[in-house]
Amino acid sequence: MFSRVYKRLVAASALFTIELLIIWALFLICIIVFLYLSSAILAGGTLGVDEAAFNFAKDISSPAFSSFIQFITFFASRHFLTPAALLLVAYFLFIRKHRWYSLKVPVVALGSITLNVVLKYFFDRPRPMMPLVEASGLSFPSGHSMVAASFYGLLIYLVWHNVKSIAWRNSIIALLVVFVFFIGFSRVYLRVHYATDVMAGFAAGFLWVVIGISTLRRIERISKKEIDPVVEEEPVT
């Protein structure tokens, strides 16, 4: 019995350590990437990766691939993400009855959208010339990329904590990462964003997920510490 409990504690500790290392690594990488790109944009410089990405997209373009790209980019639009977020909130609120998970969805989604609007107006970067689809607003960072990184990054977090099978968990997470990458690439392919807009959107989006979830988890732990003793002290009638 003791051996079984000890093994579970060791496994839980190892999982927590791995998760913490991944979170800190992601946090630092996102900060470094965003600061580097934003400093280049503010300095008025152009990065070679932008033109190289446009040339690559042009080389692989085809009518069939263009249709696929427009299908992919839809999954980071407000027409999809708004009902998807509401369904996710309803699922955790009424089916799973997990109040804190239901709070994480709007905090991550609405916070990401608000932060993106603020950053766009701060950097004030015009969109690329000759887009393949209609687009309005400013360019840096990419809203689709940032919101996709936030929303699907949250899904990655939920999968990590709720899918027990290691094989299924890793497979779903890998698919979500690839899916987010394709959403970002779709914005470059359609010439509505520069590659640097997309990279900055990814960095800011994943950074917001880390900050938002970490803050909510800390509030959750504090609230449990305050509520649990009160509950335990209530007389049984």
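Conventions and cut-offs
- Residues numbered from 1 in each chain as written.
- Predicted model: local features only at pLDDT ≥ 70, side-chain atom pairs only at ≥ 80, totals over all residues.
- Heavy atoms only, no water.
- Helix = DSSP H or I, 4+ residues; strand = E, 2+ residues; numbered from the N terminus.
- Buried < 20%, exposed > 50% of the residue type's maximum accessible area, 1.4 Å probe, protein only.
- Contact = heavy atoms within 4.5 Å.
- Areas by Shrake-Rupley, 256 points an atom, 1.4 Å probe, with all protein chains shown as cover.
- Core = buried A, V, L, I, M, F, W, Y, C linked by side-chain atoms within 4.5 Å.
- Polar contact = N/O pair within 3.5 Å; in protein donor to acceptor, adjacent residues only side chain to side chain.
- pLDDT = per-residue confidence, 0-100.
- Axes fitted to C-alpha atoms, helices over the stretch in contact; angles between N-to-C directions.
- Parallel < 35°, antiparallel > 145°, perpendicular 65-115°, else oblique.
- Left-handed = near helix turned anticlockwise from the far one by under 90°.
- Nonpolar A, V, L, I, M, F, W, Y, C, P; charged D, E, K, R; others polar.
- 1 Å grid on protein atoms, 1.4 Å probe; cavity = no way out; pocket = protein on both sides within 12 Å on 5 of 7 lines; lining within 4 Å.
- Points joined across faces, edges and corners; volume = space filled by probe spheres on them.
- Salt bridge = Lys/Arg side-chain N within 4 Å of Asp/Glu carboxyl O.

### Some words on the overall build of the chain
- In terms of regular secondary structure, the chain is built from 8 helices and 0 strands.
- Counting from the amino terminus, helix and strand elements in the chain follow one another as α-α-α-α-α-α-α-α.
- Looking at the chain residue by residue over its 237 residues, the buried ones come to 39%.
- Long-range pairs, those at least 24 residues apart, make up 78% of the contacts in the chain between residues at least 6 apart in sequence.
- By element, 72% of the accessible surface of the chain is carried by carbon and sulfur atoms, the whole surface being about 14400 Å².

### Here's the deal with the nonpolar core
- Residues L88, F151, Y152, L154, L155, L158 and I183 are the most contacted members of the largest nonpolar core, which totals 35 residues.
- Elements with a contribution of two residues or more to this core: α2 (48–59), α4 (78–95), α5 (99–123), α6 (143–162), α7 (166–189) and α8 (195–233).
- Residues in contact with L155, not counting those within four places in the same chain, are L88 and L176.
- Listed in part, the 12 residues of the second largest apolar core include L37, M146, A200 and A203.

### Some points on the side chain of T196
- Take T196: it is sitting in helix α8.
- Among the polar contacts made by the side chain of T196, one reaches the side chain of R125 at a distance of 2.9 Å.
- Filtering out sequence-adjacent residues up to four positions away, T196 remains in contact with L37, I41, L47, V49, D50, R125 and F140.

### Points about the confidence of the model for the chain
- Model confidence for the chain is summarised by a mean pLDDT of 83, while 86% of its residues fall at 70 or above.
- Within the chain, the element-level pLDDT minimum falls on helix α1 (residues 2–42), averaging 72, and the maximum on α7, averaging 95.

### Quick look at the packing of α4 against α5
- Direction vectors running N to C along α4 and α5 enclose 165°, while the axes themselves pass 7 Å from each other. The pairing of α4 with α5 is recorded here as roughly antiparallel in orientation. When the axes of α4 and α5 are compared, the crossing they make is left-handed. Only Y101, S102, V105 and P106 of α5 make contact with α4, whose side of the interface consists of A85, L88, V89, F92 and L93.
- Looking at side-chain class alone, the contact of α4 with α5 contains 8 nonpolar, 1 polar and no charged residues.

### Things to note about the layout of surface pockets
- For the largest pocket, the calculated volume is near 1000 Å³.
- Looking at the largest pocket, it is lined by 35 residues, and the ones nearest its centre are A76, S77, R78, G143 and H144.
- Mapped by element, the contributors of at least two residues to the lining of the largest pocket are α3 (63–73), α4, α5 and α6.
- Looking at the lining of the largest pocket element by element, the count peaks at 9 residues for α5.

### Topic: the environment of V105
- With respect to the helices, strands and loops of the structure, V105 is situated in helix α5.
- Residue classification places V105 among the buried residues on the basis of a relative accessible area of 1%.
- For the pair formed by V105 and F92, sequence separation is 13 residues and the distance between their alpha carbons is 9.6 Å.
- In this structure, V105 is in contact with A85, L88, V89 and L154, ignoring residues within four places of it in sequence.

### A word on the pattern of salt bridges
- As enumerated under the stated definition, the model contains 2 salt bridges in all.
- A salt bridge links R125 to D50; the nearest nitrogen and oxygen atoms lie 3.3 Å apart. One end of the pair, R125, is in the loop between α5 and α6; the other, D50, is in helix α2, with 75 residues separating them in the sequence. Of the two residues, R125 and D50, both sit in the buried class.

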